[in-house]
Amino acid sequence: MLALAVLGAGRIGAIHAANAARHPRVHLAWVVDPVQDAARRLAAATGAEAGCDPLAAIADPAVDAVVISSPTATHIDLIRAAVAAGKAVLCEKPVGLDFAAARACLRDVGAGGRVMIGFNRRFDPAFAETHRRVAAGEIGRLEQLIIVSRDPTPPSPAYVAGSGGLFRDMTIHDFDLARFFLGEITSVQAFGQNIIDPAIAAAGDNDAGVAILTAADGAAASIVNSRRCVAGYDQRLEAFGAAGLLSVDNITATTVRSSTAAATGAASPWLDFFLERYAAAYERELAAFVAAVEAGAEFCPSLADGVKALAIADAAVLSAQTKRAVVPAAV
């Protein structure tokens, strides 16, 4: 049994803790959060011990691995502490808020370090199947990738203030997904918008944006983000190649369709938010982490993948500010 500590008892920590508690080869040893009531509630629901000090859980000799689901500003320090203690690490995205600090962490820990970054979209069944079929050559040479990701409602200004901004917090999932399909990204052209929530603009962030990424072989990805979509959680992907295309549409609660005199093909709403849409992806992500720890295999996505996605995010921020294409920093 793999003894696991979950650091952070917020909504992401709750997902990981529940998945760990259900996994047949995992013993959820600790749920840790500085908010003691949150740690106790989640620990009680998952059969773990509650704690308030992440370093104490990391130092516990009985713990084999940790899941870092605490606020982004804590990620790099906790990665360093966990690796120094010999623990395997699954860390939520992004690696951190500062690219230089993230790159230094990678260099100190090593590209082959025991750190996996939680880019859950790689584990979504539909996206993973699309990637497999593209890699198998089903649509010929991949030429264009289209990613649409829109949240149902904007986050609070307090969340925005500590998130690192739209491109580092939200689009970074799509930057990693683009790398997953296209390989290394050589140029980023991004456009930030402020059209939804004045409070987000006041916090110095964008509430929507578009990014165009190019790869070394000439393939390109277009990414469309918005913090508001009244139809629900909008998550779509299209891979276009020389011999055809593959597409992933939104998921609804059921496949029932209604056709009447008022409307044809009417469906139930899209799944409400990422907790529902990516439930299977989070479960598969943790399973892949556990399997890699057990096998002593390299993690994918790795810490290097996380730092490269952050380099693209920083390039997008600079591009939106300067209105020019930017080459991502070297990792």
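Treat the numbers as computed from the prediction; the structure is a model and nothing was measured.

> I'm lost on the pairing of strand β9 (residues 208-215) in this one. Help?
Consecutive residues of a regular strand have side chains that alternate between opposite faces of the sheet. Taken together, the eight bridges between strand β8 (residues 185-193) and β9 define a ladder with antiparallel strand orientation. In the strand pairing of β9, isoleucine 185 is matched with alanine 215. Bridge count between β9 and strand β10 (residues 220-226): seven bridges; the pairing is antiparallel. Bridge assignment links leucine 213 to a residue of β10, and that residue is alanine 221. Hairpin connection from β9 to β10: four residues lie between these consecutive antiparallel strands, with glycine 218 at a positive phi of about 95°.

> What am I meant to see in unusual backbone geometry here?
Most peptide bonds are trans, and most residues other than glycine sit at a negative phi. With an omega of -15°, the peptide bond between lysine 93 and proline 94 qualifies as cis. Structurally, proline 94 is set in the loop between β5 (88-92) and α5 (99-109). With an omega of 5°, the peptide bond between cysteine 300 and proline 301 qualifies as cis. A positive phi angle, near 60°, is found at lysine 323, a position not held by glycine. Mapped onto the fold, lysine 323 is located in the segment after α13 (303-322). Lysine 323 sits in the exposed class, given a relative accessible area of 68%.

Thresholds, definitions, all that
- Residues numbered from 1 in each chain as written.
- Predicted model: local features only at pLDDT ≥ 70, side-chain atom pairs only at ≥ 80, totals over all residues.
- Heavy atoms only, no water.
- Pairing = 2+ DSSP bridges.
- Helix = DSSP H or I, 4+ residues; strand = E, 2+ residues; numbered from the N terminus.
- Buried < 20%, exposed > 50% of the residue type's maximum accessible area, 1.4 Å probe, protein only.

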